[in-house]
Amino acid sequence: MFNEQPLPQGSAADLTTAARIRDAAIEVFGDQGFQVGVRAIAKAAGVSPGLVNHHFGSKDGLRAACDERVLQLIRDEKIKTLTAGSVAKGMLAALAEIEVYGPLVAYMVRSLQAGGPMALSLFDHMAADAEGYIEQGVAAGTIKPSRDPAARARYLMTLNVGATLLWMQMHQKPGEKLDFRKAIRELTEELTAPALEFYTQGLLTDPTLLDAFHEEH
């Protein structure tokens, strides 16, 4: 269990019973996968299994609430960073406490690895959210506008999530649980510098390639 630090609370802390169950479920699902039963989640939250079903109706209902919470926390953090007066300072502040997002990354990885309609729905919502907070960055003057904001957001999400899934898969030792708090720190330290170079300086020296592609398509 990821119990060294609490989940990030977003704009307002929600300490209701339903919220405690939901936050415990995020950590349990991330730690053990989605095959885990309601009893394990209830135990982690300090409630009865019946109370879990009372608040969420079913395990799928609980998972949907977890998806919504994870999306909210990611969205809030991205908006805060991309619309800050200084994106550099906002990003450095987020990097300084990156370990706190270990449970969210664990949950995301488990969900997308599980596949199926709920995983697809989670990714679609992540891409839609990305389009929204990127456009807020455009409005704030911290991000360049795009010819196709939706396509750009989906590509960036595919790139970032795909890299995270691949990195976690390669660093998962057989028979051992991955420490996602440690892993997210190591991943961040390895990929942040080349990612920032790519995002801030670009890659190709010939800017006409994009125009040529659009003319052909």
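Residues numbered from 1 in each chain as written. Predicted model: local features only at pLDDT ≥ 70, side-chain atom pairs only at ≥ 80, totals over all residues. Heavy atoms only, no water.

*Asks:* Help me out: how do you make sense of helix α7 (residues 116-140) in this one?
*Replies:* Each α-helix turn comprises 3.6 residues. Residues three or four places apart therefore point the same way. The end-to-end C-alpha separation of α7 is 36 Å, in line with the 36 Å expected for 25 residues at 1.5 Å each. Of the residues making up α7, those classed as buried are Ala119, Leu122, Phe123, Met126, Ala127, Asp129, Ala130, Tyr133, Ile134 and Gly137. Residues of α7 that are buried in the fold lie against α4 (59-82), α6 (102-114) and α8 (149-170). After α7 finishes, the residue Gly141 shows a positive phi value of roughly 85°. (Helix = DSSP H or I, 4+ residues; strand = E, 2+ residues; numbered from the N terminus. Expected span 1.5 Å × (residues − 1). Buried < 20%, exposed > 50% of the residue type's maximum accessible area, 1.4 Å probe, protein only. Contact = heavy atoms within 4.5 Å.)

*Asks:* Would you mind going over the pattern of salt bridges with me for this structure?
*Replies:* Close approach of charged atoms lets side chains of opposite charge pair. Counted under the stated rule, the structure contains eight salt bridges. For the salt bridge of Arg75 with Asp129, the shortest nitrogen-to-oxygen distance reads 2.7 Å. With Arg75 in helix α4 and Asp129 in helix α7, this pair connects stretches of sequence that are 54 residues apart. Looking at Arg75, the relative accessible area reads 28%, which means it is partly exposed. A salt bridge links Arg154 to Asp124; its shortest N-O distance comes to 2.9 Å. Here Arg154 is found in helix α8, whereas its partner Asp124 is found in helix α7, with 30 residues between them in sequence. Relative accessible area serves as the criterion here: at 31%, Asp124 is assigned to the partly exposed category. Linked through salt bridges whose partners overlap, the residues forming this network are Arg22, Asp23 and Arg69. (Salt bridge = Lys/Arg side-chain N within 4 Å of Asp/Glu carboxyl O.)

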